[in-house]
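Spelled out, the chains give:
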Amino acid sequence: MKKVLRYLLMTVMALFVSLPCLSAEAASVALLPLINNVEGGDDIANQVFYKEALATMKLQKGFVLMENDKINAAIDAARIVDEVPDKATLAQIAKDGNVDIVIAMQIDDLEDKPVFPSTERMLELDMEGVAVAYNRLNGVFYKHEFASDKQIDETLTSRWDWVHEEFGRQVRIEIKRALKAKK
């Protein structure tokens, strides 16, 4: 009889210990469309942005990407055109869309240029942009201006799209930083 009571007590204790784990809720995230100010309109950058942002969000535990009519209406009401929104606008989108985190990115320059004078054929990446995020749970506003001037041998870039690969890498970095932003 003592063994049965002991097993029953251990079962009840295990249940009470595991209950707080079941109540954990993932933070909802809204991803605003890329603000693409690249001269000539770089459509591939938009595709790379969404691909890398979605892949990064899948790998982050505790966050879920939200997409619904309330969020789309909140984004449309903000009238974001060619510049990343400020803290107040992001806070309003988070409130109206009922999400915890709002992330936006802007790309201004994205191209590679030959380096002169150079003894070898070198390319230099010209990438500039801004990433912003607002976390409604703790009131943190994240803003980071990014730029890159990496150089690479031109012969190495003939087999893949080096410029957009580097942009995708930057998107992954900014999404991770925005989700982990603290005061």
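Here the structure is a predicted model, which means the values were calculated and not measured. (Residues numbered from 1 in each chain as written. Predicted model: local features only at pLDDT ≥ 70, side-chain atom pairs only at ≥ 80, totals over all residues. Heavy atoms only, no water.)

Caption draft 1: Region of the structure containing the overall build of the protein. Across its full length, the protein carries five helices and seven strands. Listing the helices and strands of the protein from first to last along the sequence gives α-β-β-α-β-α-α-β-β-β-β-α. Taking 183 residues into account, the globule formula puts the C-alpha radius of gyration at 16 Å, and the protein, at 22 Å, lies well above it. Overall, the protein is about 90 × 40 × 30 Å in size when its C-alpha atoms are taken along their principal axes. Going through the 183 residues of the protein one by one, you find that 38% of them count as buried. Partitioning the contacts of the protein with sequence separation of at least 6, the portion at a separation of at least 24 is 68%. If you sum the accessible surface of the protein, you get close to 11,800 Å²; carbon and sulfur atoms cover 55% of it. Each charge class in the protein can be summarised by its mean position, and for the 23 positive and 29 negative side chains these summaries are 18 Å apart. (Helix = DSSP H or I, 4+ residues; strand = E, 2+ residues; numbered from the N terminus. Rg over C-alpha atoms; globule rule 2.2 N^0.38 Å. Buried < 20%, exposed > 50% of the residue type's maximum accessible area, 1.4 Å probe, protein only. Contact = heavy atoms within 4.5 Å. Areas by Shrake-Rupley, 256 points an atom, 1.4 Å probe, with all protein chains shown as cover. Lys, Arg positive; Asp, Glu negative; His and termini not counted. Charge placed at Lys NZ, Arg CZ, Asp CG, Glu CD.)

Caption draft 2: Broad picture of the packing of aromatic side chains. Within the structure shown, the criterion is met by one aromatic pair. A centroid spacing of 5.3 Å and a plane angle of 65° characterise the contact between Phe49 and Tyr50, whose relative ring orientation is edge-to-face. When its relative accessible area of 0% is taken as the criterion, Phe49 is described as buried. (Phe/Tyr/Trp six-rings, centres within 6.5 Å; stacked < 30°, edge-to-face > 60°.)

Caption draft 3: Fine view of the pattern of salt bridges. According to the stated counting rule, one finds seven salt bridges in the structure shown. Note that Glu111 is salt-bridged to Lys113, the shortest N-O span being 3.6 Å. Note on Glu111: relative accessible area 38%, which makes it partly exposed. Salt bridges linked by common partners bring Lys51, Glu52 and Arg172 together as one network. (Salt bridge = Lys/Arg side-chain N within 4 Å of Asp/Glu carboxyl O.)

Caption draft 4: Quick look at the environment of Asp42. The topology assignment puts Asp42 in the loop between strand S2 (35-36) and helix H2 (43-59). Considering only alpha carbons, one finds Asp42 and Tyr7, 35 residues apart in sequence, at a separation of 65 Å. Contacts of Asp42, omitting those with residues within four sequence positions, involve Asn36, Leu110 and His164. Reaching out from Asp42, the side chain makes a polar contact with the backbone nitrogen of Ile44 at a distance of 3.3 Å. (Polar contact = N/O pair within 3.5 Å; in protein donor to acceptor, adjacent residues only side chain to side chain.)

Caption draft 5: Structural context of the confidence of the model for the protein. Mean pLDDT over the protein works out to 88, with 95% of the residues at or above the 70 mark. Confidence, read as mean pLDDT per element, is least for helix H1 (residues 2-22) in the protein (72) and greatest for strand S6 (residues 140-148) (95). (pLDDT = per-residue confidence, 0-100.)

Caption draft 6: Expanded view of the nonpolar core. Residues Ile103, Met105, Ile107, Leu110, Phe167 and Ile175 are the most contacted members of the largest nonpolar core, which totals 32 residues. Mapped by element, the contributors of at least two residues to this core are strand S1 (27-31), H2, strand S4 (101-114), strand S5 (122-135), S6 and helix H5 (162-179). The element best represented in this core is H5, accounting for seven residues. Filtering out sequence-adjacent residues up to four positions away, Leu110 remains in contact with Val38, Asp42, Ala45, Asp126, Met127, Val163, His164 and Phe167. (Core = buried A, V, L, I, M, F, W, Y, C linked by side-chain atoms within 4.5 Å.)

Caption draft 7: Local environment of unusual backbone geometry. Positive phi, normally seen in glycine, also occurs at Arg79, with a value near 50°. With respect to the helices and strands, Arg79 occurs in the loop between helix H3 (69-78) and helix H4 (87-97). For Arg79, a relative accessible area of 69% corresponds to the exposed category. Its identity is not glycine, yet Asn98 carries a phi of approximately 55°, on the positive side. Locating Asn98 in the fold gives a position in the loop between H4 and S4. The partly exposed category is assigned to Asn98, whose relative accessible area is 47%.

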